[in-house]
Amino acid sequence: MITHLIEGEQNPAYDLLSFLFDKFMSNLINKERIENIICFLRSLKINSNRFQRSLKEKNIEMIHIINEALTHSSADKVFNHEKLEFYGDAVLRLSASEFIENNFKNMPIGDRSELRAQIVSDEWLTQLGKKINLDKVIIIGPKAIGDRFSKDTIIAETLEALIGAIYKCFNSIYEINLWLDPYWKKDSELILQAPYKFNAKTSLQEWCQKRGYGLPEYKIKEVSKTHGDPDRFLCELFIKGEIQATSLGKSHKKAEKLAAKRAIEKLYINNIDKSGQL
């Protein structure tokens, strides 16, 4: 690869290759798509000099990488989000770990792991994706567009790919933390104020064990055969043989999680524990 050995040094071969590369890449993405991507990236309010400079210069290499992240596999089997999603999964966890280290230095390791699990979860990714209107810039194939049950999954996957793409553009988590830290600060406060709302299964298990009730029992029934149906599975939650909550979910895991949340909120509201502590 031909590069400038010294910043500002003239290198005609490098300049020619850069020009040809930019020309080639710009032909792959139409001008309207480029403008849509730039407008979307500006809305993220990532205030680093190099990020803003890349937007101002309409850096075509960065736009190409972002466009890859925003292209779902249902639209293109080769050029799509999947590799960047895999990349973004690791970047997201590293960035979240950095956030927790900087903001909760005295938090025990076990509590750090629980908090991180909440702020990198699919549910959290989906919520943030909707806040930033990510769905408006995702390229989706016809079949996926018609599948309303997969919408949240696509948003979560694409956001993870976007995180991987931004890291790839700058080879640093700096921009990721500039972007995500404000959301994490707000959500971490809510999670730490009422952890049972965000980690209901663990909280309910601890509540039961503290009183010698044994583990909660989850019984699952499939009530729909439709793939992706948000009400496909029914969960009945029992404590000491008595049913405490029921819920529906598109997977065993989601149905159990919602049942646990309903049960622990019921116990909290009814103040079964006289101290009000779960």
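Everything here concerns the structure above.
Residues numbered from 1 in each chain as written. Predicted model: local features only at pLDDT ≥ 70, side-chain atom pairs only at ≥ 80, totals over all residues. Heavy atoms only, no water.

The next point concerns the environment of Ser73. With respect to the secondary-structure elements, Ser73 resides in the loop between α4 (60-69) and α5 (82-103). Expressed as a C-alpha distance, the spacing of Ser73 and Ile154, which sit 81 residues apart in the sequence, is 9.7 Å. At a separation of 3.3 Å, a polar atom in the side chain of Ser73 contacts the side chain of Glu82. (Helix = DSSP H or I, 4+ residues; strand = E, 2+ residues; numbered from the N terminus. Polar contact = N/O pair within 3.5 Å; in protein donor to acceptor, adjacent residues only side chain to side chain.)

Okay, the side chain of Ser95 next. Structurally, Ser95 is set in helix α5. Residues contacting Ser95, with those up to four places away along its chain left out, are Ile173, Ile176, Asn177 and Trp184. (Contact = heavy atoms within 4.5 Å.)

Applying the stated criterion across every chain, the model contains 6 aromatic pairs. Ring centres of Tyr87 and Tyr167 lie 5.7 Å apart, and the angle between their planes is 75°; this geometry places the pair in the edge-to-face category. Placement of the pair is Tyr87 in helix α5 and Tyr167 in helix α9 (residues 151-170), with a sequence separation of 80 residues. The exposure class assigned to Tyr87 is partly exposed, which follows from its relative accessible area of 36%. For Tyr167, a relative accessible area of 18% puts it in the buried group. Seen from their ring centres, Phe99 and Trp184 are 5.6 Å apart, and the 45° between their planes marks the pair as tilted. Of the two residues, Phe99 is situated in helix α5 and Trp184 in helix α10 (residues 174-193); the sequence distance between them amounts to 85 residues. Judged on exposure class, the residue Phe99 and its partner Trp184 are both buried. (Phe/Tyr/Trp six-rings, centres within 6.5 Å; stacked < 30°, edge-to-face > 60°. Buried < 20%, exposed > 50% of the residue type's maximum accessible area, 1.4 Å probe, protein only.)

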